[in-house]
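Residues per chain, in single letters:
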Amino acid sequence: MSELKVNKVSPQSGTDFTLGDSGDTFTVPSGATLTVAGTFTQTGAQTFDGGVDIDNFNINGTTIALSSGNMTIDAQGNDTDIIFKGTDGSADTTFLTIDGSAAGAATFNNNVTVGDNLNMTTDASVINFGADSDVIL
């Protein structure tokens, strides 16, 4: 294998630039910046061991952080649900479902603890008890 050292590669506009064959690696040295003007298309999985910054988001390890503004979670289509899942012991468990077809009604899988006030904001509010809601307060 031989080595080619260049300061700049400038392909003509509209031409493809290919570096290496499949299985080869292109390395940008530490501290250097790789800039892509236009659309970057890749196939296969990517590994980002130092985290990723996308607009105001930082994704690093098990943390997704938003530096400013509000976060919106959206799913394409009508009447979509937002489901929070995790592992309880060794069992996959749905903890909370927010029902898009019921105007955002929330269904918790287990207890709900409220630290202060629970406000029910309509005059017709009720609390139902029992599997068949046969006791109403």
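That block above? That's the structure.
Residues numbered from 1 in each chain as written. Predicted model: local features only at pLDDT ≥ 70, side-chain atom pairs only at ≥ 80, totals over all residues. Heavy atoms only, no water.

1. Some words on the overall build of the protein chain
- On a plain count of helices and strands, the protein chain comes out with zero helices and eight strands.
- For 137 residues, the compact-globule estimate of 2.2 N^0.38 gives 14 Å, and the C-alpha radius of gyration of the protein chain, at 26 Å, exceeds that figure by more than 25%.
- Here the C-alpha coordinates of the protein chain stretch approximately 80 × 35 × 30 Å along the principal axes.
- Per-residue burial over the protein chain gives 2% buried out of 137 residues.
- Once local pairs closer than 6 in sequence are excluded, the contacts in the protein chain between residues at least 24 apart make up 0%.
- Surface summary for the protein chain: the accessible area is close to 13,000 Å², and the carbon and sulfur share equals 48%. (Helix = DSSP H or I, 4+ residues; strand = E, 2+ residues; numbered from the N terminus. Rg over C-alpha atoms; globule rule 2.2 N^0.38 Å. Buried < 20%, exposed > 50% of the residue type's maximum accessible area, 1.4 Å probe, protein only. Contact = heavy atoms within 4.5 Å. Areas by Shrake-Rupley, 256 points an atom, 1.4 Å probe, with all protein chains shown as cover.)

2. Details of unusual backbone geometry
- The backbone of Asp-55 shows a phi angle near 50°, a positive value even though the residue is not glycine.
- Its identity is not glycine, yet Asp-79 carries a phi of approximately 55°, on the positive side.
- Following the sequence through the fold, Asp-79 ends up in the loop between strand 3 (63-66) and strand 4 (82-88).
- Accessibility expressed as a relative area gives 55% for Asp-79, which makes it exposed.

3. A word on the environment of Asn-70
- On the secondary structure map, Asn-70 appears in the loop between strand 3 and strand 4.
- Between the C-alpha atom of Asn-70 and that of Asn-7, which follows or precedes it by 63 residues, the distance is 43 Å.

4. What about the sheet that holds strand 3?
- With antiparallel pairing, the three strands of this open sheet are ordered in space as 1-2-3. Where the open sheet ends on each side, the last strands, each with one partner, are strand 1 (52-54) and strand 3. The sheet shows a mean angle of 15° between the axes of neighbouring strands, direction not considered.
- In this sheet, strand 2 (residues 57-60) lies alongside strand 1 in antiparallel orientation, the contact comprising three bridges. Note that in strand 2 the partner of Asp-53 across the bridge is Asn-58. (Pairing = 2+ DSSP bridges. Axes fitted to C-alpha atoms, helices over the stretch in contact; angles between N-to-C directions.)

5. A word on a nonpolar patch on the surface
- Together, Phe-108, Val-112, Val-114, Leu-118, Met-120, Ile-127, Phe-129, Val-135 and Leu-137 line one region of the surface with nonpolar side chains, adding up to about 860 Å² of accessible area.
- Tracing the sequence through the fold places Met-120 in the loop between strand 6 (105-108) and strand 7 (128-129).
- Met-120 gets classed as partly exposed once you look at its relative accessible area, which sits at 41%. (Patch = residues over 30% accessible without salt bridge, like charges linked within 9 Å, V, L, I, M, F, W, Y side chains within 5 Å. Salt bridge = Lys/Arg side-chain N within 4 Å of Asp/Glu carboxyl O.)

6. Topic: the sheet that holds strand 6
- One open sheet holds the three strands; their spatial order is 4-5-6, and the pairing between them is antiparallel. Looking at strand neighbours, the two that pair on one side only are strand 4 and strand 6, the edges of this open sheet. For this sheet the average axis-to-axis angle between neighbouring strands, irrespective of direction, equals 20°.
- With four bridges connecting them, strand 5 (residues 91-99) and strand 6 associate as antiparallel partners. Directly across from Leu-96, in strand 6, lies its bridge partner Phe-108.

7. Describing the pairing of strand 3
- Looking at chain direction, strand 2 and strand 3 are connected through four bridges and run antiparallel. Along strand 3, the bridge assignment pairs Asn-60 with Thr-63.
- Counted between consecutive antiparallel strands, the loop separating strand 2 from strand 3 contains two residues, among which Gly-61 sits at a positive phi close to 65°.

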